[in-house]
Amino acid sequence: MTHDDKSNLMWGGRFSAGPDAIMEEINASIPFDRKLYAEDIEGSRAHAQMLHDQGILSSDDHASIDAGLRDILTEIERGDFAFSRKLEDIHMNVEARLNDLIGPAAGRLHTARSRNDQVALDFRLWVRARCDAMITDIARLMQVFLDKAQAHADTVMPGFTHLQTAQPVTFGHHCLAYVEMLARDRSRFEDARERMNENPLGAAALAGTGFDIDRHATAAALGFREPTRNSLDTVSDRDFALEFLSACAICATHLSRLAEEIVIWSTPQFDFVRLSDKFSTGSSIMPQKKNPDAAELIRGKVGRISGSLVGLLTVMKGLPLSYSKDMQEDKEGVFDAAETLELCLAAMIGMIGDLHVNEQAMRAAAGSGYSTATDLADWLVREAGLPFRQAHHITGRVVALAEEQGCELADLDLADLQQIDESITEAVYDVLSVDASVASRTSYGGTSPANVREQIDYWRERL
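Residues numbered from 1 in each chain as written. Predicted model: local features only at pLDDT ≥ 70, side-chain atom pairs only at ≥ 80, totals over all residues. Heavy atoms only, no water.

(A) Representation of the pattern of salt bridges in the model. For the structure on display, the rule yields 32 salt bridges. Measuring nitrogen to oxygen at the nearest pair gives 3.1 Å for the salt bridge that ties R225 to E198. With a gap of 27 residues between them, R225 in the loop between α9 (215–221) and β4 (226–227) and E198 in strand β3 (residues 198–199) connect regions that are remote in the sequence. The residue K331 makes a salt bridge to D330 at a minimum N-O spacing of 2.8 Å. D330 shares its class with K331; the two are buried. (Salt bridge = Lys/Arg side-chain N within 4 Å of Asp/Glu carboxyl O. Helix = DSSP H or I, 4+ residues; strand = E, 2+ residues; numbered from the N terminus. Buried < 20%, exposed > 50% of the residue type's maximum accessible area, 1.4 Å probe, protein only.)

(B) Seen up close, unusual backbone geometry. Across the junction of L321 and S322, the peptide omega takes the value 5 degrees, indicating a cis bond. By the secondary structure assignment, S322 is in the loop between α12 (293–316) and α13 (331–354). The phi torsion at E88 lies on the positive side, around 75 degrees, for a residue other than glycine. Structurally, E88 is set in the loop between α5 (59–78) and α6 (90–102). Residue E88 is classed as buried on the basis of its relative accessible area of 2%.

(C) Representation of the pairing of strand β1 (residues 156–161) in the model. Where β1 meets strand β2 (residues 164–170), 6 bridges bridge the pair, whose relative direction is antiparallel. Across the sheet, the residue bridging to T161 is Q164, located in β2. What sits between the antiparallel neighbours β1 and β2 is a turn of 2 residues, in which H162 has the positive phi angle 60 degrees. (Pairing = 2+ DSSP bridges.)

(D) Quick peek at the nonpolar core. With 79 residues, the main nonpolar core has F189, L341 and M348 as its most contacted residues. Every element with two or more residues in this core is listed here: α7 (115–151), α8 (171–196), α11 (239–265), α12, α13, α14 (359–366) and α19 (449–462). For this core, the element with the highest residue contribution is α11, accounting for 17 residues. Membership of the second largest hydrophobic core comes to 22 residues, among which are L386, L401, V428 and V431. (Core = buried A, V, L, I, M, F, W, Y, C linked by side-chain atoms within 4.5 Å.)

(E) Spatial organisation of the side chain of D421. Inspection of the secondary structure puts D421 in the loop between α17 (414–420) and α18 (434–440). Buried and unpaired, D421 has no salt bridge, with R397 as the nearest side chain of opposite charge at 6.8 Å. Here the side chain of D421 touches S423 through a polar contact of 2.2 Å, side chain to side chain. With residues near it in sequence (within four places) discarded, D421 still touches L386 and I394. (Lys, Arg positive; Asp, Glu negative; His and termini not counted. Polar contact = N/O pair within 3.5 Å; in protein donor to acceptor, adjacent residues only side chain to side chain. Contact = heavy atoms within 4.5 Å.)

(F) A look at the side chain of T228. Structurally, the position occupied by T228 is in the loop between β4 and α10 (231–236). Side chain to side chain, T228 and R215 meet in a polar contact 2.7 Å long. The residues contacting T228, other than those within four sequence positions of it, are R124, E198, N199, P200, R215 and T234.

(G) Just the packing of aromatic side chains, in detail. Counted according to the given criterion, the structure contains 11 aromatic pairs. Centroid distance W126 to F335: 4.7 Å. Interplanar angle 65 degrees. Geometry classified as edge-to-face. Taken as a pair, W126 in helix α7 and F335 in helix α13 lie far apart in primary sequence, 209 residues in all. Among the residues examined, F335 registers a relative accessible area of 4% and is labelled buried. Among the aromatic residues, those joined into a cluster by ring pairs are F160, F171, W265, F270 and F272. One cation-aromatic arrangement involves K331 over F123; the distance from NZ or CZ to the ring centre is 5.6 Å. (Phe/Tyr/Trp six-rings, centres within 6.5 Å; stacked < 30°, edge-to-face > 60°. Lys NZ or Arg CZ within 6 Å of the ring centre and 35° of its normal.)

If you want it as structure tokens, here you go:
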């Protein structure tokens with residue numbers, strides 16, 4: 001039987017000739033949906049088992065179908081399977097090969113299902129597995145950050161707003177900020193997985209089937225919580241893929257922000273961190289250069305992932321119920337986004353794990369820009385009993401004096417401070433150092449080393 005003959009079998013007696021070459025080109029999805037081969041065969045085996053258990057498929061036909069599907073899986077994994085564009089998609093490629101192997105019994109496999117619920121199943125299984133992979137990879141990156149936070153719970157650095165020095169923090173606290181972001185990313189994939197964990201198989205083309213099938217059995221066999229509850233919705237929505245892409249885009253955005261900080265911090269002007277040679281490159285003309293290319297690439301790749309989300313939202317926005325061929329455009333962006341994010345996570349795990357922290361440079365910068373000014377204002381409120389707005393005004397005058405004298409706040413003479421406000425005493429110097437500043441931030445969620453260690457313990461227990 002030729003490929004054209006097989007293609008006509010797919011369309012049935014309604015069509016007398018195969019599709020035009022241009023139609024074949026735009027219609028074929030096998031160049032990318034072949035990635036779903038394992039899920040397609042897994043779903044077909046579960047479907048055949050259910051048909052047999054329900055008395056719809058004979059024992060001999062079931063045995064032949066199951067053995068044939070297992071042989072096809074082996075052929076594909078071995079690289080011996082000949083994919084055909086004329087057969088359009090992974091489903092028909094597998095079914096045609098099954099017909100080659102076992103004959104007419106292969107045609108019984110498609111009883112009580114459609115390619116509409118079949119592709120919804122395959123794609124959902126694939127995305128569910130990718131959610132599991134993301135959950136695992138994000139947890140690994142969180143562990144790497146926890147190790148860094150543990151090693152640098154006492155390492156002071158400047159905290160920034162508007163990329164201007166604001167208040168001293170610890171590098172451990174900064175690392176934990178990304179642990180929190182990543183934890184939310186992880187929970188988004190967990191939530192998406194829970195929502196998508198319903199079995200589409202059995203919805204058929206759009207209306208269900210008249211065969212006495214057992215959708216709960218196939219749900220259990222494929223690890224789903226339960227079957228989907230509405231056949232129209234089952235074949236016509238891809239919100240599980242949209243939710244997955246949304247989680248990918250948010251996570252990639254967090255990684256991009258982290259990559260931006262690595263790029264900035266690794267410059268000679270900051271010199272806060274140094275990347276290992278494994279995650280840096282040189283210049284073809286400037287021998288002194290050590291470029292943070294891995295971080296820059298992560299920063300750039302967020303555009304691809306976010307673009308995939310916008311692309312699928314645009315595909316879905318105008319589709320009436322139920323299935324439309326537009327939905328063939330659902331997969332390539334998801335495949336690319338998943339692979340891209342997995343690569344970015346792996347690269348970031350390596351970069352953060354190998355990151356050298358320049359504690360001296362961080363400490364020197366932590367005290368710059370009058371970063372303990374807020375501590376002085378707080379001291380005036382706490383010790384002198386002043387309203388905060390008045391304390392804020394006095395502190396501003398102290399900062400102006402330090403700027404005039406070209407020194408840090410801790411270097412000002414007490415007499416000069418008391419000329420601004422007589423309530424200032426020698427005790428004020430206890431809060432003007434960066435170490436005293438970070439140690440005082442003991443409010444829940446604050447940057448004190450004690451808090452950092454408590455939060456590390458909390459996250460290690462959760463992970």
